[in-house]
Amino acid sequence: MRKKLLATVAIAAVCFGGPAFAEEAIVNQSGADNTADVDQTLSADLVTTGQESNENFVTVDQTGDKNDATVRQGHAPPGIDNYQIATNEADIDQVSEAGSAVGNDADVIQYSDTNVGSAPNSVDIDQYTAGVVAQTASVTQVGGSGNSATVQQGQDLDADEGGELAEVTQGGSDNSAMVTQGGVADIASVTQTGASNDASVEQQGEGGFAMVDQTGNDNSSMVEQSGIGAYADNLQVGNGNSSLITQEDDSPNGTIGIDNAYNADPEATVQQFGDDNTSSVAQSNLGGGFNQVANVTQNGNANISDVAQTGTGPNFTGTLRAVVTQSDGSTSAVTQSATDGHAKNLFATVNQAGASSSDISQDASGYRASGLSAKVTQDGGSAATVQQTVANPSTSFSGAVESGDVSTVINQNGGSTANVTQAVYGNGSTGIDANITQDNGAIADVTQTMNGDGDADLLATVTQDGASGAVVTQTYNLDLSNSFEAAVTQTGDGNLAGVAQSDAGAANGGDSGIYADVTQTGEGNIAGVTQSNRQHSAYVDQIGDGNVALATQGGIGNTADIDQVNNYNLAAVTQGASGNTGTVMQTGQFNAAMISQDGSSFALGNDGYIEQSGTGNFGMVDQDASRRGDADISQGGTGGFAKITQADWNSEASISQTAGAGNFAEISQEGGTSLSTGNDASVTQSTDGGWASIMQTGELNDANVTQAVASNATATITQIGTGNFANVSQ
């Protein structure tokens, strides 16, 4: 038989006869410690009555503190054959006076039949007044479809200290749950199972905690939290899921000075395991902050994640942490920004499987802005873009005002693309580091910039395998800068490496320590290094046939070193100004090496060295307006050709050709006046069929040709000027 309706005050019940009937219960209570218990459930023993439907309506209004309301609708147990609940509706309002203890409880359970049909269940719970004792609202909807639940709690934010609790559990289809809470340490939990679910949680006040668990199809969840210490956890399993979490710490003081500050900033966790998932997380601190955290995991198809973290305010602003894990060709965007005070410690990590795309943007500005870290792992034709910027507004260099510490690590395979842009602005900045590892026809582009006096430490490392391309650009813009380093390592055929390093500080500004190192193994590779200003070093190592190495340096005190092994390779070194050294070593046949050192009329002390072993090699050193220059070419093999040209005085040129016949050597020197020191030229050939030529103009020059051969040697010395010396030994 039907259970009785119980309450401690007047209850109005209206029953409509016939095969379909309705019940309505209205409870009004005023005062404290009241209890309302409304039971509109159908027992299993009514199966034989022939009743086909039922409509249940409950309204409970309670005014006062510590009131309880319990509503049960439907039939128990659910699943009775040949019976359909048409409608279950429950509306509970609990209101207390401002400043009271409150502590109201509301509990609604609705049952409907999943075998025959289901009710459009509806629950609306309003708990308006905040207090020092927690309010609790619980909604459970079992079976059926078309469910809806609404909970509102503690809307007086300034007075609420109790910590509200809202729990919603829904099973079925077309569910919708909305929870709105305001106060301190509120907890909201929503669980939905079925299809077309929709959950929205909004919390205001400190210490909000929200959990949403959705399983089914077409799920959508939105959580918005405002206040210190917000935490949101969303788990979605199914198809077409979408999750949006927005967390804002709007306190002007942020989390500065509170207990356990590292757990007081917004934190969000999103897990999606279905198809067509979309997740967006936005976190912000108005005041200083310590530890924003966003974790997003997406497994399935066509996943998209967008994480934005912002910290503004005085004093310490950070730490911002975002971790995104995706599969099946996903798209990820992470944006992090910290401004004012000690803006630092921005961390972004993206792990993707499949042909994915990742975009990370990190910006920090402040007198000690530092600590930007981005890590990306991808495979299968992916693309990664990282932009990192640190701005230090200091206008004078001081060891106490420093910024920097920027790093990027990218690991890719399967013909991927990596684009990294890193910049630090401000005096006394240190530390930019980019490390990229790729294979199978990948492309890497790294741009690093420092703009400030006393800046230091740029490092770019690129490792590639298989017909890949790498471009590294590094720039210092002011004085007292030092320590650039670019390292490119490529394995396989058809690789391209380009390194451009520019030190725009004054030539005598103390800048130093610029290095480029390119290593290529395979055939048909091309390496180019361009460096400007002073004290640069370029190293190129190539193993294989048909490789090309180019090194161009402008400024003083530079060093270029090219080492090539195997055949048909080309090496060219171009250096300007003075105090430069160019060295080329080649092992193999039909290789060509050229060194050009073109200084000003006052350039001093350029050195060019070429060493070649093998057949048919060509070596040339050209030193123009470079007094006290030194050029040496050593060739071991047959059919070699060596040429040295020097245009200034007090220079030395030497050609040595051994272990082969038919070699050619040519030296041309242009000297100065009687007040100048003459040039020295020497040619040594130790095989048959050698040809040697020395041409000198000016005064006090010295020429020596030594041909220790059995036959067919030719030596020619031409000197124009006075006080010259020539010696030929055959």
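Residues numbered from 1 in each chain as written. Predicted model: local features only at pLDDT ≥ 70, side-chain atom pairs only at ≥ 80, totals over all residues. Heavy atoms only, no water.

**Here's the deal with the overall build of the chain**
Going by this rule: In this text, helices come from DSSP runs of H or I with a minimum length of four residues, and strands from runs of E with a minimum of two, each type numbered from the N-terminal end. Here the term buried applies to any residue with accessible area under 20% of the maximum for its type, exposed to any over 50%, and partly exposed to those in between, with areas from a 1.4 Å probe on protein chains only.
Within the chain, the secondary structure is distributed over zero helices and 55 strands. Taken over 730 residues, the chain has a buried fraction of 48%.

**A look at the nonpolar core**
When a protein is soluble and globular, its nonpolar side chains tend to lie buried together. For clarity, the cut-off: Side-chain atoms within 4.5 Å are what join buried Ala, Val, Leu, Ile, Met, Phe, Trp, Tyr and Cys residues into a set we call a nonpolar core. Residue contacts are counted whenever heavy atoms from the two residues lie within 4.5 Å of one another.
If you look at the biggest cluster of nonpolar residues, it comprises 93 residues, and the most contacted ones within it are Val60 and Ile125. With residues up to four places along the chain from it excluded, the contact list for isoleucine 125 reads Ile92, Ala106, Val108, Ala137, Ser138, Val139, Thr150, Val151 and Gln152. Counting 16 residues, the second-largest nonpolar core is a separate cluster that includes Val406, Ile432, Phe484 and Ile514.

**Re empty space enclosed by the protein**
Applicable threshold: Every definition here rests on a 1 Å grid over the protein atoms only: cavities are sets of points where a 1.4 Å probe fits but cannot get out, pockets are open sets enclosed by protein on both sides within 12 Å along at least five of seven lines, and lining residues have some atom within 4 Å of a point. Grid points are joined across faces, edges and corners, and a volume is the space filled by probe spheres set on the points. Here the nonpolar group is Ala, Val, Leu, Ile, Met, Phe, Trp, Tyr, Cys and Pro; Asp, Glu, Lys and Arg are the charged ones; every other residue, Gly included, is treated as polar.
Summed over all chains, the structure comprises one cavity of 30 Å³ or more. Taken as a whole, the largest cavity holds about 30 Å³ of empty space. Lining the largest cavity, in full, are Gln612, Gly614, Asn617, Gln635, Gly636, Gly637, Gly640 and Asn663. Looking at the lining of the largest cavity residue by residue, the class counts come to no nonpolar, eight polar and no charged.

**Focus: the pattern of salt bridges**
Heads up, the condition is: In the sections that follow, a salt bridge refers to a side-chain nitrogen of Lys or Arg positioned within 4 Å of a carboxyl oxygen of Asp or Glu.
Enumeration according to the criterion identifies two salt bridges in this entry. Between aspartate 37 and arginine 72 there is a salt bridge whose closest N-O contact spans 3.1 Å. One end of the pair, aspartate 37, is in strand E4 (residues 35-43); the other, arginine 72, is in strand E6 (residues 68-76), and 35 residues separate them in sequence. Judged by relative accessible area, aspartate 37 falls into the partly exposed class, the value being 27%. Using a relative accessible area of 25% as the deciding quantity, one classes arginine 72 as partly exposed. With a shortest N-O distance of 3.6 Å, aspartate 39 and arginine 72 are connected by a salt bridge.

**With respect to the environment of valine 683**
By secondary structure assignment, the location of valine 683 is in strand E51 (residues 680-685). Considered as a pair, valine 683 and alanine 703 are 20 residues apart in the sequence and their alpha carbons are 8.5 Å apart. In this structure valine 683 touches Ile655, Ala665, Ile667, Ala692, Ile694, Asn704, Val705 and Thr706, once residues within four positions along its chain are discounted.

**A word on the pairing of strand E29 (residues 404-411)**
Put simply, the test is: Two strands are counted as paired when DSSP detects at least two bridges linking them.
Both strand E28 (residues 370-391) and E29 contribute to a ladder of seven bridges, which runs parallel. Within E29, the residue paired with lysine 375 across the bridge is valine 409. Across seven bridges, E29 lies against strand E31 (residues 430-439) in parallel orientation. Bridging from a neighbouring strand, valine 406 pairs with isoleucine 432 of E31.

**Concerning the pairing of strand E43 (residues 581-587)**
Sheet analysis places strand E41 (residues 559-565) next to E43, joined by seven bridges and oriented parallel. Among the inter-strand pairings, threonine 559 is bridged to a residue of E43, identified as threonine 581. As paired elements, E43 and strand E45 (residues 607-613) share seven bridges and run parallel to each other. Within the sheet, the bridge partner assigned to threonine 587 lies in E45 and is serine 613.

**Some details on unusual backbone geometry**
Although it is not a glycine, asparagine 440 sits at a positive phi angle of roughly 60°. As for its placement among the helices and strands, asparagine 440 is situated in the loop between E31 and strand E32 (443-451).

**Quick look at the confidence of the model for the chain**
What counts is decided by this rule: Confidence of the predictor in every single residue is expressed as pLDDT, which spans 0 to 100.
The predicted model of the chain averages 84 in pLDDT, with 82% of residues at 70 or higher. The model gives residues 1-20 a pLDDT under 50, and that stretch makes 50 contacts with residues more than four places away or in other chains.

**With respect to the packing of aromatic side chains**
Worth spelling out the cut-off: Side-chain rings of Phe, Tyr and Trp (the six-membered ring for Trp) are treated as a pair once their centres are within 6.5 Å; stacked means planes under 30 degrees apart, edge-to-face means over 60, and tilted covers the remaining angles.
Within the structure shown, the criterion is met by five aromatic pairs. On the basis of an interplanar angle of 15° and a centroid distance of 5.6 Å, the ring pair of tyrosine 568 and phenylalanine 590 is categorised as stacked. With tyrosine 568 in the loop between E41 and strand E42 (570-576) and phenylalanine 590 in the loop between E43 and strand E44 (592-604), this pair connects stretches of sequence that are 22 residues apart. Exposure remark for tyrosine 568: the relative accessible area of 54% places this residue in the exposed category. Judged by its relative accessible area of 41%, phenylalanine 590 is partly exposed. Between phenylalanine 618 and phenylalanine 641, the ring centres sit 5.6 Å apart and the planes meet at 15°, which makes this aromatic pair stacked.

**Observations concerning the side chain of aspartate 126**
Here aspartate 126 shows up in strand E9 (residues 122-127). Dropping the residues within four chain positions of it, aspartate 126 is found in contact with Ile92, Asp93, Gln94 and Gln152.

**Examining the side chain of glutamine 192**
Following the sequence through the fold, glutamine 192 ends up in strand E14 (residues 187-195). Excluding residues within four positions of it along the chain, glutamine 192 makes contact with Gln170, Asn175, Ser176, Ala177, Asn197, Asp198, Ala199, Asp213, Gln214 and Thr215.

**Some remarks on the environment of alanine 199**
Within the secondary structure layout, alanine 199 lies in strand E15 (residues 198-204). For alanine 199, a relative accessible area of 1% translates into the label buried. Along the backbone, alanine 199 and threonine 150 are 49 residues apart, and their C-alpha atoms lie at a distance of 9.9 Å. Not counting chain neighbours up to four residues away, the residues in contact with alanine 199 comprise Ala177, Val190, Gln192, Val212, Gln214, Ser220, Ser221 and Met222.

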